[in-house]
Amino acid sequence: MTSQLDPVAALLIGFLGAGHCIAMCGGVAAAFSMAIPQTQRRWQWLYLLSYNAGRIASYALAGALVGGVFAGLADISLGKQGLLWLRGLAGIMMILLGLYLARWWNGLLALERLGNGLWRHIKPLAGRFVPFRHPLAALPFGMIWGWLPCGLVYSALTWSAVSGGAAQGALVMALFGLGTLPTLLALGGLAGSLRHWLNHSGFRRFSGILLICYGLFSLYQAGLLLS
């Protein structure tokens, strides 16, 4: 059931969603920068790596939960047909994400709002770790911010749902996190020119078209197997 292209899809979503990351995480980057002591600015890259390791760990945990739950449901009741329908849903989510990244349709914002209730309870926990006393303090800070409501993350999670198990789901989301890493490092101040390039309208449209094509291909695959 698991397509070998799923890891590629996860990396694509992460990297090509750069424009969305910049819009969503700009405030996080500002808060992160202020949390680093002035005397530790020369070690900023260590804080960034620690923060992003925590963020990616949260993505992997979410992927493991989603992948494990849906694999269990498939064994009990959904069966092959159910997973194929889920794969079709993952393709639709990819198309919607592509439309959003290209700024042709903003309907994905409604999905992000679904997670706001839970986020209001999780977000205050991040304040316990700032200001950072050492680079490792940025690790739990990143793990908390990894649960920020995000349509990009939710789109990637649909691929975890059809991955076939908890371990596969964790791998999909870990690769998604790695795909976002260049953008989040750029937001952290390590590559201002990269940040400008990733948020360019041409790159956003190219990313959107590529993701839409991948989503259509996934729908085509699911349709062939269902017929």
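In the block above lies the structure referred to throughout.
Residues numbered from 1 in each chain as written. Predicted model: local features only at pLDDT ≥ 70, side-chain atom pairs only at ≥ 80, totals over all residues. Heavy atoms only, no water.

A few points about the overall build of the protein chain
Logical step 1: From N to C terminus, the protein chain includes 10 helices and 0 strands.
Logical step 2: Put simply, the protein chain runs from its N terminus to its C terminus through helices and strands in the order α-α-α-α-α-α-α-α-α-α.
Logical step 3: In the protein chain, which comprises 227 residues, the share counted as buried stands at 48%.
Logical step 4: Sequence separation of 24 or more characterises 81% of the internal contacts of the protein chain that already satisfy a separation of 6 or more.
Logical step 5: Roughly 10,800 Å² of accessible area belongs to the protein chain as shown, and the carbon and sulfur atoms make up 70% of that amount. (Helix = DSSP H or I, 4+ residues; strand = E, 2+ residues; numbered from the N terminus. Buried < 20%, exposed > 50% of the residue type's maximum accessible area, 1.4 Å probe, protein only. Contact = heavy atoms within 4.5 Å. Areas by Shrake-Rupley, 256 points an atom, 1.4 Å probe, with all protein chains shown as cover.)

Brief notes about the nonpolar core
Nonpolar side chains in soluble globular proteins tend to be buried together.
Logical step 1: Ile 13, Phe 32, Tyr 51, Phe 132, Trp 145, Trp 159 and Phe 176 are the most contacted members of the largest nonpolar core, which totals 50 residues.
Logical step 2: Secondary structure elements with two or more residues in this core: helix H1 (6–16), helix H2 (18–35), helix H3 (44–101), helix H5 (116–122), helix H6 (138–145), helix H7 (151–161), helix H8 (166–190) and helix H10 (201–226).
Logical step 3: Ranked by residue count, the leading element in this core is H3, at 14 residues.
Logical step 4: Ignoring any residue separated from it by four or fewer positions in sequence, one finds Phe 176 in contact with Ala 10, Ile 13, Gly 14, Tyr 59, Leu 152, Val 153 and Ala 156. (Core = buried A, V, L, I, M, F, W, Y, C linked by side-chain atoms within 4.5 Å.)

Some words on a nonpolar patch on the surface
Logical step 1: Nonpolar side chains collect at one region of the surface, where Leu 89, Ile 92, Leu 216 and Leu 219 lie side by side and expose about 320 Å² of accessible area between them.
Logical step 2: Only H3 and H10 provide two or more residues apiece to the nonpolar patch.
Logical step 3: Here Leu 216 shows up in helix H10.
Logical step 4: Under the relative-accessibility criterion, Leu 216 is labelled partly exposed at 48%. (Patch = residues over 30% accessible without salt bridge, like charges linked within 9 Å, V, L, I, M, F, W, Y side chains within 5 Å. Salt bridge = Lys/Arg side-chain N within 4 Å of Asp/Glu carboxyl O.)

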